[in-house]
Amino acid sequence: MKIEKIETFQVQWSPKDTPGQRSAFVRIHTDDGLHGIGEVSPMQGGLASLLMIVHNIAPALIGADPLDHAVLQDRLIHKLVKLGPEGALTGALAGIDIALWDLKGKAFGQPVYKLLGGAWKTALPFYASIGGNGRGRSLDEVLRIVEARMADQPAAIKIRFDNDRTDLDTEIPDHIEKARAVRKLVGDRFPLAFDANNGYSASGAIRVGRVLEELDYWWFEEPVQHYHIRGTGEVARKLSITVSAGEQTYTMGGLVELIEAGVRMIQPDIVKMGGITGLLRCAALAQAHGVELVSHQTQPMVGHLANLHVCAAQMHATKPCEWNDPSARTHDIFDDPPMPVDGLFHLNSRPGLGIDFDENALAKRRIDITG
Ligand code: CA
């Protein structure tokens, strides 16, 4: 079996979308007629990653054995490291890796989670991840949105504040007011998480964290700028609430630095770093250090499913999987999109990731990236 062709394309979900709002996919075909699909981190439409695939990665993959996916990834990240090992390149290689795992599942007639050693469970709880709760949204609007998401029966809710990272701490009173109101709305026992999206100084974060402790929030995510690893660690060490970070970390070494600084919950993202192969390595790293792995994942379909397959195969899945704000787009181009039933995502037993494109629907939204 050899890799014969690699398609790279964006999907424009709505004609109103800007180029930066597109999703980015890769589809890899073999000489014996199989294909696998992968998703690339969609930052700015994933264009930079897709162009790297077209110009730098695909030429090295044509003719290769797709079952060599880990060797291929490690070879390419070392060969191309000066393109920037953090961000566009790791996102590109993540998308390739996910597609090759999907392909491997189809080649062996098994779902990915079986190839990972089996699932501890195939019905996975999720937490509703709700973005945009900062200054641009009133307290009443926040509460209405949280109420609406409760209808999906999430195991927990995370409110994100999507801060302007150039303007730290100014929204703290507004955030605290909203955190208190959401706690009151959902009741004392319902699990809640708070994502500062890097909006605070270390001292600002400690001030907010103490309130979150009083309100019994479950975790406090990305309290300070992602590049202030010592600051993140300082916040983690000074608070008793679990402080998490890592969705903007693209290397194993970067995660080790977070852990050594004091972070007890790491959140690498399967479409940004390493794909399925990479997230498995992160899981081993977390297990070895005794910290929680609660992967970040906000892409609704392919990235989400790849993440669920890895989470299903983990013994210590201490928290539910992320599910981002839903939109109609999640149904549009796939034949059998994953949707929760009674608060659980059910992995099917189809080979690979268990999802494929609806070709007619895809054709209407697809924008090929060829160079
Ligand atoms: Ca976050």
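This text goes with the structure placed above it.
Owing to the predicted nature of the structure, the values given are computational and were not obtained by experimental measurement.

*Asks:* I'm lost on the packing of helix α9 (residues 252-261) against helix α10 (residues 275-289) in this one. Help?
*Replies:* In a packed pair of helices, the relevant descriptors are the angle between the two axes and the axis-to-axis distance. α10 packs onto α9 with a crossing angle of 25° between their chain directions and a minimal axis gap of 11 Å. Between α9 and α10, the angle is such that the two are roughly parallel. The handedness of the crossing between α9 and α10 is right-handed. Where α9 abuts α10, its residues Met252, Leu255, Val256 and Ile259 lie against Arg281, Cys282, Leu285 and His289.

*Asks:* How do you make sense of the coordination of the calcium ion when you look at a structure like this?
*Replies:* Each donor-metal-donor angle would ideally measure 109.5 degrees in four-coordinate tetrahedral geometry, or 90 or 180 degrees in six-coordinate octahedral geometry. Taken together, Asp195 (OD), Asp195 (OD), Glu221 (OE), Glu222 (OE) and Glu247 (OE) make up the full set of protein donors to the calcium ion, lying 2.2 to 3.1 Å away. Counting gaps between the donor residues of the calcium ion yields the pattern D-x25-E-E-x24-E. A residue pair is termed long-range when its members are at least 10 positions apart, and aspartate 195 in strand β6 (residues 192-195) and glutamate 221 in strand β7 (residues 219-221) qualify at 26 residues.

*Asks:* Whenever I open this one, the nonpolar core confuses me. Can you help?
*Replies:* For soluble globular proteins, nonpolar side chains are generally found buried alongside one another. With 49 residues, the main nonpolar core has Phe25, Ile276, Ile333 and Phe334 as its most contacted residues. Top contributing element to this core by residue count: helix α11 (residues 302-312), with 7 residues. Those residues in contact with isoleucine 276 that sit more than four places away from it in its chain are Asp97, Ile98, Trp101, Val112, Leu116, Ile270, Ala306, Val310 and Leu353. Ranked by size, the runner-up nonpolar core spans 33 residues in total, among them Ala128, Val142, Leu143 and Leu192.

*Asks:* Got a minute to help me understand the side chain of lysine 104 in this structure?
*Replies:* Examined against the element boundaries, lysine 104 turns out to sit in helix α3 (residues 88-108). Put simply, lysine 104 is tucked away with no salt bridge, and the nearest opposite charge, on aspartate 97, sits 8.0 Å away. Residues within four places of lysine 104 in sequence aside, it is in contact with Leu67, His69 and Leu115.

*Asks:* Explain helix α5 (residues 139-150) here, please?
*Replies:* Every α-helix winds through 3.6 residues per turn, so residues three or four apart in the chain are directed the same way. The end-to-end C-alpha separation of α5 is 17 Å, in line with the 16 Å expected for 12 residues at 1.5 Å each. Residues Val142, Leu143, Val146 and Arg149 constitute the buried set of α5. Looking straight down α5, one finds that the buried residues subtend no more than 125° of arc, so they occupy a single side. Of the residues in α5, the exposed ones pointing more than 90 degrees away from the buried face are Asp140 and Arg144. On the buried face of α5, the contacting elements are β4 (123-130), β5 (156-160), α6 (172-186) and β11 (321-323).

Reading the values: the criteria
- Residues numbered from 1 in each chain as written.
- Predicted model: local features only at pLDDT ≥ 70, side-chain atom pairs only at ≥ 80, totals over all residues.
- Heavy atoms only, no water.
- Axes fitted to C-alpha atoms, helices over the stretch in contact; angles between N-to-C directions.
- Helix = DSSP H or I, 4+ residues; strand = E, 2+ residues; numbered from the N terminus.
- Parallel < 35°, antiparallel > 145°, perpendicular 65-115°, else oblique.
- Left-handed = near helix turned anticlockwise from the far one by under 90°.
- Contact = heavy atoms within 4.5 Å.
- Donors = N, O, S within 2.8 Å, 3.2 Å for Na, K, Ca; no water.
- Core = buried A, V, L, I, M, F, W, Y, C linked by side-chain atoms within 4.5 Å.
- Buried < 20%, exposed > 50% of the residue type's maximum accessible area, 1.4 Å probe, protein only.
- Lys, Arg positive; Asp, Glu negative; His and termini not counted.
- Salt bridge = Lys/Arg side-chain N within 4 Å of Asp/Glu carboxyl O.
- Expected span 1.5 Å × (residues − 1).
- Arc of directions from axis to C-beta.

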